[in-house]
Amino acid sequence: MSSLENLSHENRTFPPTPAFTAQANAQATLYQEAADDRLAFWARQAELLHWERKWDQVLEWELPNAKWFLGGKLNASYNCLDRHVLEGRGDRVAFHFEGEPGDTRTITYAQMLVEVKKTANALLELGIGAGDRVAIYMPMIPEAAVAMLACARIGAAHSVVFGGFSAEALKSRILDADVTLVITSDGGYRKGSAFPLKPVVDAALAGGDHNVKKVLVVNRTGQAVAWVGGRDIWWHEIVDRQSAEHVAEGFDSEHVLFILYTSGTTAKPKGIFHTTGGYLTQTSFTHRAVFDLKAESDVYWCTADIGWITGHSYVLYGPMINGATQVMYEGTPDSPTKHRLFQLIEKYKVSILYTAPTLIRTWMKWGDEYPADSDLTSLRLLGSVGEPINPEAWMWYREVIGADACPVVDTWWQTETGGLMISPLPGVTATKPGSAMAALPGISAKVVDDEGRDVANGQGGYLVLTEPWPAMLRGVWGEPERYRETYWSRFPGKYFAGDGAKLDDDGAIWLLGRVDDVMNISGHRISTTEVESSLVSHINVAEAAVVGANDAVTGQAIVAFVILRGGIPSVGGEELIADLKAHVTQEIGAIARPKQILVVAELPKTRSGKIMRRLLRDVAEHRTVGDSTTLADPNIMKLIGEGLQSSKSED
Ligand code: PRX
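Structure report, in brief. In this numbering scheme, every chain counts its residues from 1 along its sequence in written order. The model is predicted, so local features are restricted to residues of pLDDT at least 70 and side-chain atom pairs to those at 80 or more, both for listing and for counting; the totals for chains, interfaces and linings are taken over all residues. The side-chain figures draw on all heavy atoms in the structure; neither hydrogens nor water molecules are used.

1. Here we look at the sheet that holds strand S19 (residues 381-385)
Heads up, the condition is: Here, any two strands with at least 2 DSSP bridges between them count as paired. Strands here are runs of E lasting at least two residues and helices are runs of H or I lasting at least four, both read from the DSSP assignment and numbered beginning at the N terminus. Note on geometry: axes are C-alpha line fits, over the in-contact stretch for helices, and angles between N-to-C directions span 0 to 180 degrees.
Sheet architecture is open: seven strands sit in the order S5-S4-S17-S16-S18-S19-S20, paired in mixed fashion. Edge positions in the sheet fall to strand S5 (104-108) and strand S20 (408-411), since each has one partner strand and no second. The mean inter-strand angle of the sheet, taken between neighbouring strand axes irrespective of direction, is 20 degrees. Pairing analysis gives two bridges linking strand S16 (residues 299-302) to strand S17 (residues 325-329), with the strands arranged parallel. Each residue of the ladder has a partner; that of Val299, found in S17, is Thr325.

2. Concerning the environment of Leu181
The criterion, for reference: Summary of the burial criterion: residues with accessible area below 20% of their type's maximum are buried, those above 50% are exposed, and those between are partly exposed, where the area comes from a 1.4 Å probe applied to protein chains only. Any two residues whose heavy atoms approach within 4.5 Å are treated as being in contact.
Examined against the element boundaries, Leu181 turns out to sit in strand S8 (residues 181-185). Since its relative accessible area comes to 0%, Leu181 is described here as buried. As for Leu181 and Arg133, which are separated by 48 residues in sequence, their C-alpha atoms are 7.3 Å apart. In this structure Leu181 touches Leu123, Leu126, Ile128, Arg133, Val134, Ala135, Lys214, Val215 and Leu216, once residues within four positions along its chain are discounted.

3. Regarding the side chain of Lys117
Spelled out, the test is: When charges are counted, Lys and Arg are positive and Asp and Glu negative, with His and the chain ends excluded. Here a salt bridge means any side-chain nitrogen of Lys or Arg lying within 4 Å of a carboxyl oxygen belonging to Asp or Glu.
Its location among the elements puts Lys117 in helix H6 (residues 109-125). Among buried charged residues, Lys117 stands out as having no salt bridge; its nearest opposite-charge side chain is Asp82, 4.6 Å away. Ignoring any residue separated from it by four or fewer positions in sequence, one finds Lys117 in contact with Asp82, Arg153, Ser243, Ala244, Glu245 and His246.

4. Structural notes on the packing of aromatic side chains
Keep this limit in mind: Only centres within 6.5 Å qualify two rings of Phe, Tyr or Trp (six-membered ring in Trp) as a pair; their planes then separate them into stacked at under 30 degrees, edge-to-face at over 60, and tilted for everything else. Charge over a ring is defined by NZ of Lys or CZ of Arg lying within 6 Å of the ring centre and within 35 degrees of the ring normal.
Under the counting rule described, the total for this entry stands at 32 aromatic pairs. The interplanar angle of 70 degrees and the centroid separation of 5.2 Å between the aromatic rings of Phe41 and Trp42 together place this pair among those described as edge-to-face. Note on accessibility: Phe41 and Trp42 belong to one class, buried. Put simply, the rings of Trp61, Trp469, Tyr483, Tyr487, Trp488 and Tyr495 touch in pairs and so form one group of aromatic residues. The lysine or arginine in question, Arg490, covers the ring of Tyr462, its NZ or CZ lying 5.1 Å from the ring centre.

5. Considering helix H4 (residues 38-46)
Buried within H4 are the following residues: Arg38, Phe41, Trp42, Ala43, Gln45 and Ala46. In this fold, the buried residues of H4 make contact with helix H3 (29-36), strand S1 (57-62), strand S2 (65-70) and helix H11 (277-291).

6. Quick word on the pattern of salt bridges
Counting across every chain of the model gives 46 salt bridges. Where Lys268 meets Asp176, a salt bridge forms, and the shortest distance between an N and an O atom there is 3.0 Å. Taken together, the residues span a long stretch of sequence, with Lys268 in the loop between strand S14 (256-262) and strand S15 (270-275) and Asp176 in helix H8 (residues 167-176) at a distance of 92 residues. According to the relative accessible area criterion, Lys268 is partly exposed, its value standing at 36%. Close ionic contact of Asp232 with Lys198 constitutes a salt bridge, the shortest N to O distance being 2.8 Å.

7. Here's the deal with the sheet that holds S15
Strands pair in a sheet through their backbones, by hydrogen bonds, and they do so in one of two ways: parallel or antiparallel. Sheet architecture is open: eight strands sit in the order S12-S11-S8-S6-S7-S14-S15-S23, paired in mixed fashion. Bordering the open sheet on either side are strand S12 (232-234) and strand S23 (475-476), each of which pairs with just one other strand. Bridge count for strand S7 (residues 157-160) against S14 is two bridges, and the pairing is parallel. Looking across to S14, one finds that His158 is bridged to Phe258. Running at roughly 175 degrees to strand S6 (residues 133-137), helix H7 (residues 142-154) makes contact with S6, S7, S8, strand S11 (214-218) and S14 of the sheet.

8. Some words on the site of the ligand
The following threshold applies: When at least one non-hydrogen atom of a residue lies within 4 Å of a molecule or strand, that residue is treated as near it. Two N or O atoms count as a polar contact when they lie within 3.5 Å, although within protein this holds only if one can serve as hydrogen donor and the other as acceptor, and sequence-adjacent residues are included solely when both atoms are side-chain atoms. Every accessible area reported is derived by Shrake-Rupley at a probe size of 1.4 Å, with residue values counting cover from the shown protein chains alone. Here the term charged refers only to Asp, Glu, Lys and Arg, the term nonpolar to Ala, Val, Leu, Ile, Met, Phe, Trp, Tyr, Cys and Pro, and the term polar to all other amino acids, Gly among them.
Inspection of the region around the ligand gives 17 residues, with Thr411, Thr415, Asp499, Arg514 and Arg525 positioned closest. One of the side-chain N or O atoms of Asp499 is found 2.7 Å from an oxygen atom in the ligand. The separation between an oxygen atom of the ligand and a polar side-chain atom of Arg514 is 2.7 Å. Against a free-state accessible area of 540 Å², the protein chains account for coverage of 96% of the ligand. Of all the secondary-structure elements, those providing two or more residues to the shell around the ligand are helix H12 (309-321), S20 and strand S25 (509-514). Looking at the shell around the ligand residue by residue, the class counts come to six nonpolar, six polar and five charged.

Have a look at this one:
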């Protein structure tokens with residue numbers, strides 16, 4: 001957690017300019033309207049969608065189970081595509097796609113609709129229908145968006161697995177959701193070369209203990225791939241020959257739209273699932289209000305990969321419902337040079353940029369000369385998401401990227417919340433650097449103490465949500481008890497977000513990071529337990545404890561303490577450490593690779609055997625170790641501290 005001390009010294013404010021306010025989508029009156037009648041407020045936002053059948057009831061709330069817009073029927077893909085084409089917006093560009101090697105494609109809404117209809121027909125031919133689950137394991141290319149919308153169109157739930165996850169991680173997600181079709185590509189481009197994806201799918205499916213019947217493969221890079229006859233099908237061979245006619249059917253408002261796995265506090269990721277009507281209502285409303293989208297003139301760029309919730313809500317559904325023109329980029333920010341993203345902003349005249357603090361801090365580290373080489377004057381609004389943004393990074397973003405002229409919106413939300421929850425409204429809110437400011441209209445967020453009582457201004461505590469919201473998760477796939485237990489039991493009647501927060505003297509909300517065993521590495525959630533069990537599954541490891549240590553660029557970095565099995569020398573050589581890191585990469589994926597691994601003889605435990613992670617974090621962050629009097633063996637911390645200083649950390 002960031003230091004409360006530092007934040008309370010931050011009192012700069014940036015009121016909206018009159019010029020921005022005069023043209024803003026969001027009005028100050030929204031807060032009052034929502035406070036007067038929350039359900040009527042959300043119903044007004046829902047009315048902006050196309051419903052095949054209107055709902056009979058806005059909300060049914062049987063804690064912790066919510067249903068929104070009951071009895072309504074709608075189709076997500078129709079709202080993202082058909083509607084724009086039928087209403088004369090078919091020629092508008094949906095995506096300016098830029099591949100990492102520099103190949104480009106400009107895709108209009110009309111073209112996207114044809115592709116989605118053909119793909120929907122291909123899925124039907126493959127026997128996929130409403131209620132089935134489809135895993136999507138792809139790079140950031142237009143076919144990923146097409147695949148998701150084709151699933152939505154026929155009522156199949158997509159489960160997108162980020163392309164950086166390992167075969168093991170993909171397999172566990174395929175099994176958990178009982179997936180019957182996997183959509184992938186031969187590979188993608190990253191840092192100047194092609195990487196493979198299809199072989200990872202092959203490895204995930206190798207055991208045969210699953211129900212996947214077909215694998216649909218996009219040819220992105222032309223790499224040679226192994227082929228399983230009868231199972232594998234090239235995308236172009238089946239999609240291209242399909243009819244471009246497909247009538248989208250309306251599905252129930254509570255029909256499952258997608259599952260997306262996220263790390264919890266145990267080793268098993270949670271399959272967060274979202275349904276249709278409420279999710280589309282909140283993502284489209286927040287996208288209009290918080291990003292101030294003017295669909296005819298803006299070029300919007302959210303840099304998130306489609307494999308994360310930000311890619312689902314603010315690349316796919318929210319922006320497409322609003323008819324946005326977007327930039328989609330396949331590669332990394334430094335390929336071929338550190339100028340790449342700035343050059344793309346200039347090339348496509350990006351006006352709204354939405355990215356993560358880890359990238360902003362990386363840019364700061366690279367130096368101001370990179371953004372200075374491109375014309376960034378098209379920008380008019382900047383957004384941040386994924387982790388607390390420190391005031392320095394917020395100011396740099398505003399001054400260097402936004403030329404001191406763009407509102408900055410720091411948006412707090414989660415995979416579970418589906419859409420933005422806490423954020424300034426541009427044109428309305430006077431912002432403070434580093435604060436997400438206030439709950440959006442129609443959302444009720446509070447900061448409470450250990451007993452669930454509201455804290456006073458100036459005090460810190462836990463962030464909770466006190467009223468159901470349209471895009472809220474409807475559960476954890478196949479684990480209803482886990483849903484209740486994880487989110488609704490810590491403070492009865494309230495949703496526990498797992499984040500610490502503070503109210504400043506004016507009542508503005510400052511997010512302080514996770515309070516549970518979830519780490520936030522470059523804006524990605526990784527559970528300490530997940531990494532620990534992966535380390536323990538290595539033949540040489542007896543026990544492991546993992547902590548997220550503060551890191552200037554990635555927010556947190558993974559530091560692991562391991563005890564080796566008897567018979568193996570207690571001093572872990574470089575080779576063993578490298579092997580352990582590779583093992584975690586293989587088990588979970590590169591994002592979970594520990595930055596530092598320290599071999600220790602013992603772990604600090606209480607007399608009841610609980611590992612005291614707090615003390616390990618002190619060591620990993622080079623602080624004086626805090627109160628260790630409850631340790632079974634007080635000498636241990638001294639030994640660990642000495643060991644850490646002599647071990648090497650990797651950048
Ligand atoms: O700790 C909070 C942090 O990211 C967590 C949610 O992670 P995930 O489900 O992967 O979704 C990330 C993108 C929405 C939260 O519990 N977080 C997200 N946004 C912010 C944030 N922390 C501080 N400020 C934010 N703006």
